[in-house]
Each structure stands twice: as C-alpha cells, then as structure tokens.
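Observations on chain architecture
The lines below spell out each chain.
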Amino acid sequence: MKAILYREYGPPDVLRLEEVEPPRPADDEVLLRVRAASVNPMDWHFMRGTPYFIRLMLGVGRPKKPRLGADVAGIVESVGSKVTQFKRGDEVFGTTRGAFADFASGPETTLLPKPGNVTFEQAAAATVAGGTALQALRKGEVGPGRKVLVNGAAGGVGTFAVQIARSFGAEVTGVCSTRNVEMVHSIGADRVIDYTREDFTKSGERFDVFIDNVGNHSLSECRRILNPGGRYFQIGGSPGDWSGGLGRVFAAPLISLSGNRKLSAFLAKPNKAHWAGLADLLESGQVKSVI
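To keep things clear, this report deals only with the structure shown in the data block.

With respect to the sheet that holds strand S6 (residues 103–107)
Spatially, S6-S3-S4-S5-S7 is the arrangement adopted by the five strands of the open sheet, whose pairing is antiparallel. Both outer strands of the open sheet, S6 and strand S7 (111–113), are each paired with one neighbouring strand and no more. Direction aside, neighbouring strands of the sheet carry axes that sit 45° apart on average. As defined by bridge partners, strand S3 (residues 29–37) adjoins strand S4 (residues 71–79) across seven bridges and the pair is classed as antiparallel. Across the sheet, residue Val-30 finds its bridge partner in S4, namely Val-79.

Right under this line is the structure:
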C-alpha cells in the first residue's frame, strides 16, 4: 500500500510517498481502508520534532515510527478477534495510527460510526478538533446564559468550539482575522472580534469560559477578562522549538491559586467515551466541519 512517511525531522520536504506493508490489526483493533484524513497541529509538531522534548517520545535522532496522521474516516476492512462493535464494511471515523495511507489501524475504542449524512471528508476533519472543543466546553460547564470567548475561532478547534457552545445555548464571541469574520459569524458566533482592529483584552467585556487556541496574550490579561468563577483553557502549546508553551502550562495553575478564576492547559482524551455526542451533533446539523 502507499503511505506518507517521514524518516527524519524537518520541513514538509522530509515527507515521502512510499510503498509499505499494510498494518496488521491487533485483537482489539480495526483495520480501515482510508477514505479521508485530516491534518492537525500535532502532525506538524511530529514532523518537525518540536518542541524538542517530544523527541524523547518519538525518537531522539529520528522518528521511531515514521508514519503520520491520526484523524481518519474510512470503511472497516477487517477486525481483530476481540472487536465487538464493528464489522467489515462499516463506515467509521475517529483516530488511528498512520492515517496518511491507504490503510490504517487503531483500537475500536477510538472509532465511532460515521453518520450517513456526513461525508468522509467532513467526518475525518471532526474528531481531534471537534472532540477537543467538546470536552473543553463540557469541563467549563457551558450552557444557556454562559458567555464564551473563543480566541482563534477560525481554526479547527475554534470553529467547532463556536458551534458546540451555541448548540449548548451559550452566548459566543469569536476572535479571528479580517478575512474570516464573515465565516465565523456564519457558523453561529453572536459577536466576532477582528483582532487586527481590536484587542479583546481591553474591551472591558467579561466571559465565563475562555477557549484560547492561540496563546498570544499573557495569562494575567486572560485572567482579567474572566467573570468570577470563570474558566480559561489553553488548547495546545505556544510557538517555540524548545518549550512549546510549557511555561504557560505550569504558570496557569499558579495564577489560579489567588481568587476564584481558574486557568489551565487542556489536553483532550482520544476515545469514544469522551467524544460521546459528537456524532449526534454532526448528524443533526448543529455542528459541521469547516473545510
């Protein structure tokens, strides 16, 4: 089969299309014929091997596992002996190992049935970004009457956070660049702030939940715009080859020690128990993948 591999760290030219053996699923795994896959910042970090500390996990000199890709949608080709929820021919989406290939395998616990009215491309773009947004908003106890701010509202997690928060009945403000203002409005944001024209940390407005996909303001500025009892979630890291935003990860809980506003980094859990409801939101049309 064909697969995208990277045998060294670096820019996109390290990627190669190669012929490799198809993966063999373990007893609790599913083998998929890949119909669509999507790219996440995680794939970019793995390809670059940055921040550098992740090479302790991936391989210090070169990647130990040279296949990339997690988000996937496809058709079940075969299942392991212990798989009970899927059978050959089922259409599914979720996460696997090495999704940038003709075939990919992964545990059945990381896959969901694909809604019939959702394309493979839309499904493949939903899992990591949509699941992250869904879990963060649930942890923030978002519901009717809550005010939610999404910084980076035009990105993967951002577009899902705007739509899911609206489906939960929240009042949503999105922050994005000029070219994306109309799009963020169209997916349900009550208000959109163009960051090239306005600094949301100086508007005087306060929020109950702040989903920060960018990390371009200091934690003290972010804390200042939270209502009492408000929650701030840093999604992913900040740019940087060495730390990748680890300073913010450690500083957030320390800043939270005083007062009743809580700041924290957020890492989603990649399994169907934590994605519960995502397929329903896609099938109902309340949420869609913005491609």
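Section: helix H4 (residues 127–139)
The end-to-end C-alpha distance of H4 is 18 Å, a good match for the 18 Å that 13 residues give at a rise of 1.5 Å each. With respect to burial, H4 is a largely interior element, ten of its 13 residues being buried. Along H4, the positions that sit buried rather than exposed are Thr-127, Ala-129, Gly-130, Gly-131, Thr-132, Ala-133, Leu-134, Gln-135, Ala-136 and Leu-137.

Details of the sheet that holds strand S9 (residues 171–176)
Overall, parallel pairing links the six strands, which are arranged S10-S9-S8-S11-S12-S13 in an open sheet. Bordering the open sheet on either side are strand S10 (191–194) and strand S13 (262–266), each of which pairs with just one other strand. In this sheet, adjacent strand axes meet at a mean angle of 15° when their direction is disregarded. Sheet topology places strand S8 (residues 147–151) next to S9; five bridges connect them, and they run parallel. When the sheet's bridge partners are listed, Val-148 is paired in S9 with Val-172. Across the sheet, H4 is in contact with S8, strand S11 (207–212), strand S12 (226–235) and S13; its angle to S12 comes to roughly 155°. The sheet strands contacting helix H5 (residues 156–167) are S8, S9 and S12, and the helix crosses S8 at an angle near 170°.

Overview of the packing of aromatic side chains
Summed over the entire model, instances satisfying the criterion amount to four aromatic pairs. Taking 6.2 Å as the distance between ring centres and 65° as the angle between the ring planes, the aromatic pair formed by Tyr-6 and Tyr-9 counts as edge-to-face. Here Tyr-6 matches Tyr-9 in class, with each residue buried. On the basis of an interplanar angle of 75° and a centroid distance of 5.9 Å, the ring pair of Phe-233 and Phe-266 is categorised as edge-to-face. Linking Phe-233 in strand S12 with Phe-266 in strand S13, this pair joins segments that are 33 residues apart in sequence. We note that Phe-233, like Phe-266, is buried. A network of ring pairs unites the aromatic residues Phe-200, Phe-210 and Tyr-232 as a single cluster.

Details of the pattern of salt bridges
Opposite charge on two side chains lets them pair, provided their charged atoms get close. The tally for this structure, following the rule as stated, stands at 13 salt bridges. Residue Arg-88 is joined to Glu-77 by a salt bridge in which the shortest nitrogen-to-oxygen separation is 3.5 Å. With a gap of eleven residues between them, Arg-88 in the loop between S4 and strand S5 (91–95) and Glu-77 in strand S4 connect regions that are remote in the sequence. For Arg-88, a relative accessible area of 59% gives the class exposed. The salt bridge involving Arg-197 is made with Asp-194; its shortest N-O contact spans 3.5 Å. Owing to a relative accessible area of 69%, Arg-197 belongs among the exposed residues under this scheme. The class for Asp-194 is buried, based on a relative accessible area of 10%. Through salt bridges that share partners, Lys-147, Arg-191, Glu-198 and Glu-205 make up one connected network.

What about the side chain of Thr-96?
Position of Thr-96 relative to the elements: it lies in the loop between S5 and S6. The class of Thr-96 is buried, set by a relative accessible area of 8%. The residues contacting Thr-96, other than those within four sequence positions of it, are Leu-32, Gly-69, Ala-70, Val-72, Ala-104, Ser-105, Gly-106 and Leu-111.

Calculation criteria
- Residues numbered from 1 in each chain as written.
- Predicted model: local features only at pLDDT ≥ 70, side-chain atom pairs only at ≥ 80, totals over all residues.
- Heavy atoms only, no water.
- Pairing = 2+ DSSP bridges.
- Helix = DSSP H or I, 4+ residues; strand = E, 2+ residues; numbered from the N terminus.
- Axes fitted to C-alpha atoms, helices over the stretch in contact; angles between N-to-C directions.
- Expected span 1.5 Å × (residues − 1).
- Buried < 20%, exposed > 50% of the residue type's maximum accessible area, 1.4 Å probe, protein only.
- Contact = heavy atoms within 4.5 Å.
- Phe/Tyr/Trp six-rings, centres within 6.5 Å; stacked < 30°, edge-to-face > 60°.
- Salt bridge = Lys/Arg side-chain N within 4 Å of Asp/Glu carboxyl O.

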